[in-house]
Amino acid sequence: MEDSKESRALCVKMRASCDGAHISGAERIVRERAVPQTLADLAARALHHSKGTPDFINLKVEEPGAMIRLKALQVTTVETSDPEEGRRKAAELLAAEGIDRADEIMAMFEGSYSLRGAMLVDADTLERLEPDRARGVRATRMDSAQSLEGGANCGKNHFAEAIVLATKVANAPGIVGELCVSDDPDYVTGYVATKSGGYRRITVVKRMGDPGGGRIFLYRGPREGVAETIRFIESQAVLVDCSALSSMTPRSASISGELGEIAAAGLSRKCRELESPTGPVALVGGKAGARRELVVMASNDYLDLARDPRVVEAAAEAARRWGAGSGGSRLTTGTQPPHVALERHLAQFKGSEAAVLYATGYMANVGVLTALAKKGDLIFSDELNHASIIDGCRLSGAEVVVYRHADMDDLSARLASARGARRRVVVSDGVFSMDGDILDLPRFLDVCRANGALSIVDEAHATGVVGATGRGLAERFGCGHPDVTVGTLSKALGSEGGFACVSREMADYLVNKSRPFIFSTAPGAPSVAAADAALYVLEREPWRVARLRENVGFLVERLSRAGVKVSTGSAIVPVVVGDERKAVAAAQALEERGFLVSAIRYPTVAKGAARLRLAVMSSHTREQLESVCAALRDVV
Ligand SMILES: *Cc1c(COP(=O)(O)O)cnc(C)c1O
């Protein structure tokens, strides 16, 4: 085994550029058998970089030669709140190492933006020492020891890669320090690394969106030594022992520091106050108390039932009759006639034996997954599943196997190769909430049954939307039901709460085992009665579902006519923009034109896959849909 050909270690390098300007680069040392996957991973990374799309990608595999092992530099975080403070701190850290001209060194970053490698600079005279100044010095042939050994893979995240590089450089002969400013416009961090002082990560050293940055290696010693220093940095194979590092990017310890990092990364989130119910139009507060009317393309109230007079009256009537809150868990005082009636109604509507109510759809997913799976079990989860499913998986303690999105062959292969677990559970969104595509339920059920696995499908965006009368995927495909169908009362049913449609036996099981059902207060009668009334409206007025489908068809057709390619199987219409800042700017421009549209970006979707997410309602008028198309054509 030791000497088998397969166990040979090889260096894999990726460099990507556009118009000759460097976009990204990465280094790995992996076993020969892992080379194809590593090449694929690095190519994918090169293609999806926020700095742009490359026109040239260079992938190289080579023999590492003799490898040496180094211990990772110790990491500390220096919190700074703006670039000026960050630069001052960097200079102080360098000065503490006996490097005095730190300000001048910082200034050398200006104008070095297109440099692919690092500058090698004499720490005292500030002379450039590398023979090829346009190219710089490139640190290559390095990885974490853990990556090669196939253990905790700290080589996979950007932070660990930075530690590996800094550790190698700090150990090169004659190097007294390294200064790095991230050249990624999405990051504002930098670091100062020295062999004795370790890796000092500085939280803010530049402005968000600034593509400038780079590395300076500081050298002290005779000129004759420079060649050996460059040889070490460029060709000595190095494995860095990262076992003492956490695999996660370190975050500031203080709340304000962490908030600062979120803001600096342009990822702050804020609640927006709407000053009217959300129909197809809503009022938003503007500057100086001005109110504006926006066409809403972002609401999950697909059938416009949240403000339907019959639904509102049912809530008001239930509040008068049963009170505002239920006063306890379902198992103590929280079960009232409206709860029992809605559970019956939901089961009948969805075609199941029974239904179990939860306070929210989120809690339904957490409650079902944690009841059905625990340590020793396996959960198979689609890679694009909703956050509440991901949280349910984590909380269950079961081992989670993530399969490729909607790929039933991948699911089948993973199920087949994982026999032996006590219980196997497969969970998928019915309608995927960021792409709007729908699960192939018949195939999903076949795969689950063939492998003896329990099936769970989340129909949060399917109820009231998918199927001729809005009953969901089983109606749409004319097939059977999964073991558990999870749903929410908060989308097309216009209220709030969640549910699981199941067999009688499974309902008993959930009532006995599902902690959010047992330990959280039952939803109040007003929201329960409202959902029940909405369900009656949906049953009596199936034209709403048909109308919604026509509206989606109309919007998709108009968008494609305008050259915007979209596809959906639901009421969610994603317009993929790609770049994060572009998506946010487009949503802002749409708002200026009178449309409320959500920009969805990393980490909700993959980096470089940012999008505008349009949600259609049955009550949108053709004029509203046409006007949003026209506005979209202008802004994307
Ligand atoms: C919205 C949503 C949920 C959560 O439902 P809430 O009732 O809002 O808590 C669960 N799953 C999916 C797929 C969703 O889109």
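The shown structure was predicted, so the numbers you read here are calculated from the model rather than taken from an experiment. (Residues numbered from 1 in each chain as written. Predicted model: local features only at pLDDT ≥ 70, side-chain atom pairs only at ≥ 80, totals over all residues. Heavy atoms only, no water.)

1. Thoughts on the overall build of the protein chain
In terms of regular secondary structure, the protein chain is built from 20 helices and 25 strands. Expressed as lengths along the three principal axes of its C-alpha atoms, the size of the protein chain is roughly 90 × 65 × 50 Å. When the 636 residues of the protein chain are sorted by exposure, 52% land in the buried category. Expressed as a percentage of contacts within the protein chain between residues at least 6 apart in sequence, the contacts between residues at least 24 apart total 69%. Accessible surface computed for the protein chain: about 27900 Å², of which carbon and sulfur atoms make up 52%. Charged side chains in the protein chain number 80 positive and 81 negative. The centres of these two groups are separated by 1 Å. (Helix = DSSP H or I, 4+ residues; strand = E, 2+ residues; numbered from the N terminus. Buried < 20%, exposed > 50% of the residue type's maximum accessible area, 1.4 Å probe, protein only. Contact = heavy atoms within 4.5 Å. Areas by Shrake-Rupley, 256 points an atom, 1.4 Å probe, with all protein chains shown as cover. Lys, Arg positive; Asp, Glu negative; His and termini not counted. Charge placed at Lys NZ, Arg CZ, Asp CG, Glu CD.)

2. As for the packing of aromatic side chains
Aromatic rings in a pair are described by how distant their centres are and how their planes are angled relative to each other. Under the criterion given, the structure shown has 2 aromatic pairs. Seen in terms of ring centroids, Y358 and F517 are 6.1 Å apart; in terms of plane orientation they differ by 75 degrees. Their pairing is edge-to-face. One end of the pair, Y358, is in strand β15 (residues 354–358); the other, F517, is in helix α16 (residues 515–519), and 159 residues separate them in sequence. By relative accessible area, which is 1% here, Y358 ends up buried. The cationic tip of R476 hangs over the ring face of F477; the distance from NZ or CZ to the ring centre is 4.6 Å. The ring centre of F554 lies 4.5 Å from the NZ or CZ of R622, which sits over that ring. (Phe/Tyr/Trp six-rings, centres within 6.5 Å; stacked < 30°, edge-to-face > 60°. Lys NZ or Arg CZ within 6 Å of the ring centre and 35° of its normal.)

3. With respect to the domain arrangement of the protein chain
Its domain assignment divides the protein chain into domain 1 (9–62), domain 2 (69–264), domain 3 (281–298 + 543–635) and domain 4 (309–540). Between domain 1 and domain 3, the C-alpha centre-to-centre distance is 35 Å. (Domains from an automatic or database assignment.)

4. Looking at helix α13 (residues 441–450)
For α13, the complete set of buried residues consists of L441, F444, L445, V447 and C448. Around the axis of α13, the buried residues are gathered within 160 degrees of arc, so they sit on the same side. Residues of α13 that are exposed and point over 90 degrees away from its buried face: R449 and A450. On its buried side, α13 packs onto β17 (399–403), α12 (408–416), β18 (424–429), β19 (454–458) and α14 (473–477). In the stretch just after α13, G452 is the one whose phi turns positive, near 65 degrees. (Arc of directions from axis to C-beta.)

5. Notes on the layout of surface pockets
What the second largest pocket holds in volume is close to 260 Å³. For the second largest pocket, the lining is made up of 13 residues, of which K13, R15, N58, K60 and R138 are closest to its centre. Those elements that provide at least two residues to the lining of the second largest pocket are β1 (9–18) and β3 (56–62). Sort the elements by how many residues they give to the lining of the second largest pocket and β1 lands first, with 4 residues. Grouping the amino acids of the lining of the second largest pocket by side-chain chemistry returns 2 nonpolar, 4 polar and 7 charged. (1 Å grid on protein atoms, 1.4 Å probe; cavity = no way out; pocket = protein on both sides within 12 Å on 5 of 7 lines; lining within 4 Å. Points joined across faces, edges and corners; volume = space filled by probe spheres on them. Nonpolar A, V, L, I, M, F, W, Y, C, P; charged D, E, K, R; others polar.)

6. Remarks on the sheet that holds strand β4 (residues 67–71)
Ordered by their spatial adjacency, 3 strands build an open sheet running β4-β12-β7, and the pairing between neighbours is parallel. What marks the edges here is a single partner per strand, and that holds for β4 and β7 (142–144). Each strand of the sheet is rotated relative to its neighbour by a mean of 25 degrees, with strand direction disregarded. Relative to strand β12 (residues 237–241), β7 runs parallel, the two sharing 3 bridges. Bridge assignment links S144 to a residue of β12, and that residue is V240. Against the sheet, helix α5 (residues 158–170) touches β4, β7 and β12, its axis set at about 125 degrees to β7. (Pairing = 2+ DSSP bridges. Axes fitted to C-alpha atoms, helices over the stretch in contact; angles between N-to-C directions.)

7. Focus: empty space enclosed by the protein
Within the structure shown, the criterion is met by 2 cavities of 30 Å³ or more. Here the largest cavity is characterised by a volume of approximately 40 Å³. Lining the largest cavity are R330, L357, Y358, A359, P516, F517, S520, T521, A522 and P523. Counting residues per element, the ones that place at least two in the lining of the largest cavity are β15 and α16. Residues of the lining of the largest cavity, tallied by class, amount to 7 nonpolar, 2 polar and 1 charged. As a volume, the second largest cavity reaches approximately 40 Å³. Lining the second largest cavity are K350, L441, E459, R471, A474, H481, P482 and T485. Along the lines of polarity and charge, the residues of the lining of the second largest cavity split into 3 nonpolar, 2 polar and 3 charged.

8. Focus on the sheet that holds strand β8 (residues 175–181)
As a general point, the strands of a sheet are linked pairwise by backbone hydrogen bonds and lie either parallel or antiparallel. Reading across the sheet, the 6 strands line up as β5-β10-β9-β8-β11-β6 and stay open at both edges, with mixed pairing between neighbours. Bordering the open sheet on either side are β5 (75–78) and β6 (119–122), each of which pairs with just one other strand. With direction set aside, neighbouring strand axes in the sheet form an average angle of 20 degrees. Pairing of strand β9 (residues 190–194) with strand β10 (residues 198–202) involves 5 bridges; the strand directions are antiparallel.

9. A short note on the site of the ligand
The local shell around the ligand holds 15 residues, among which G361, D458, H461, T488 and K491 are the closest. Note that a nitrogen atom of the ligand is positioned 3.4 Å from one of the side-chain N or O atoms of H386. In isolation the ligand exposes 380 Å². Once the protein is present, 85% of that is buried. With 3 residues, the single largest contributor to the shell around the ligand is helix α10 (residues 361–372). (Near = heavy atom within 4 Å. Polar contact = N/O pair within 3.5 Å; in protein donor to acceptor, adjacent residues only side chain to side chain.)

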